[in-house]
Amino acid sequence: QVQLVESGGGLVQAGGSLRLSCAASGLTFSSYTMGWFRQAPGKEREFVAAISWSGGSTYYADSVKGRFTISRDNAKNTVYLQLNSLKPEDTAVYYCAAGWRGYYGKLSDYNFWGQGSQVTVSS
């Protein structure tokens, strides 16, 4: 049974930082593209960042480029999202996802999802 478990969310002031982690089990982690999405209240879930199976390629939404960094540790079956220079508009539930197809930008590119971690940025 595949499980993706996010952690590290919380409440932070604008300009602050957080690091999200997503621990994976039940799959060959190093074979999967890993992504982060977020969903704010009343809005659709949107792509944030993704990383290729090897970690050699990373992709970001324009809204987070230069502020967020995605990384992975295949030995620990874990993907991370470092969130810096946070803004109130970054407030959302953040989800990690695993996809075996090698694509990254759409929800349908992913096969497995975590339960989400709340990030709240106060102004």
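Since we're looking at a predicted model, the values are computed, not measured.

### Overview of the packing of aromatic side chains
Part 1 of the argument: Summed over all chains, the structure comprises 7 aromatic pairs.
Part 2 of the argument: Centroid distance Tyr 59 to Tyr 104: 3.8 Å. Interplanar angle 15°. Geometry classified as stacked. Here Tyr 59, found in strand E6 (residues 58–60), pairs with Tyr 104, found in the loop between strand E9 (92–99) and strand E10 (112–113); they are 45 residues apart in sequence, far enough to count as distant.
Part 3 of the argument: Look at Tyr 59 and you get partly exposed, because its relative accessible area is 27%.
Part 4 of the argument: By relative accessible area, Tyr 104 is classed as partly exposed at 31%.
Part 5 of the argument: Aromatic ring contacts, followed pair by pair, group Phe 37, Phe 47, Tyr 59, Tyr 104, Tyr 110 and Trp 113 into a single cluster.
Part 6 of the argument: Positioned above the aromatic ring of Tyr 95 is the side chain of Arg 45, whose terminal nitrogen or guanidinium carbon lies 3.6 Å from the ring centre.
Part 7 of the argument: The positively charged end of Arg 72 is found above the aromatic ring belonging to Phe 29, 4.4 Å away from the centroid.

### Overview of the side chain of Asp 90
Part 1 of the argument: As for its position among the elements, Asp 90 is in the loop between strand E8 (78–83) and E9.
Part 2 of the argument: Reaching out from Asp 90, the side chain makes a polar contact with the side chain of Arg 67 at a distance of 2.7 Å.
Part 3 of the argument: At 2.8 Å, the side chain of Asp 90 and the backbone nitrogen of Lys 87 are in polar contact.
Part 4 of the argument: With sequence-adjacent residues up to four places away left out, Asp 90 is seen in contact with Arg 38, Arg 67, Phe 68, Ser 85, Val 119 and Val 121.

Rules and cut-offs
- Residues numbered from 1 in each chain as written.
- Predicted model: local features only at pLDDT ≥ 70, side-chain atom pairs only at ≥ 80, totals over all residues.
- Heavy atoms only, no water.
- Phe/Tyr/Trp six-rings, centres within 6.5 Å; stacked < 30°, edge-to-face > 60°.
- Helix = DSSP H or I, 4+ residues; strand = E, 2+ residues; numbered from the N terminus.
- Buried < 20%, exposed > 50% of the residue type's maximum accessible area, 1.4 Å probe, protein only.
- Lys NZ or Arg CZ within 6 Å of the ring centre and 35° of its normal.
- Polar contact = N/O pair within 3.5 Å; in protein donor to acceptor, adjacent residues only side chain to side chain.
- Contact = heavy atoms within 4.5 Å.

Don't take any of this as a statement about function, it's just geometry.
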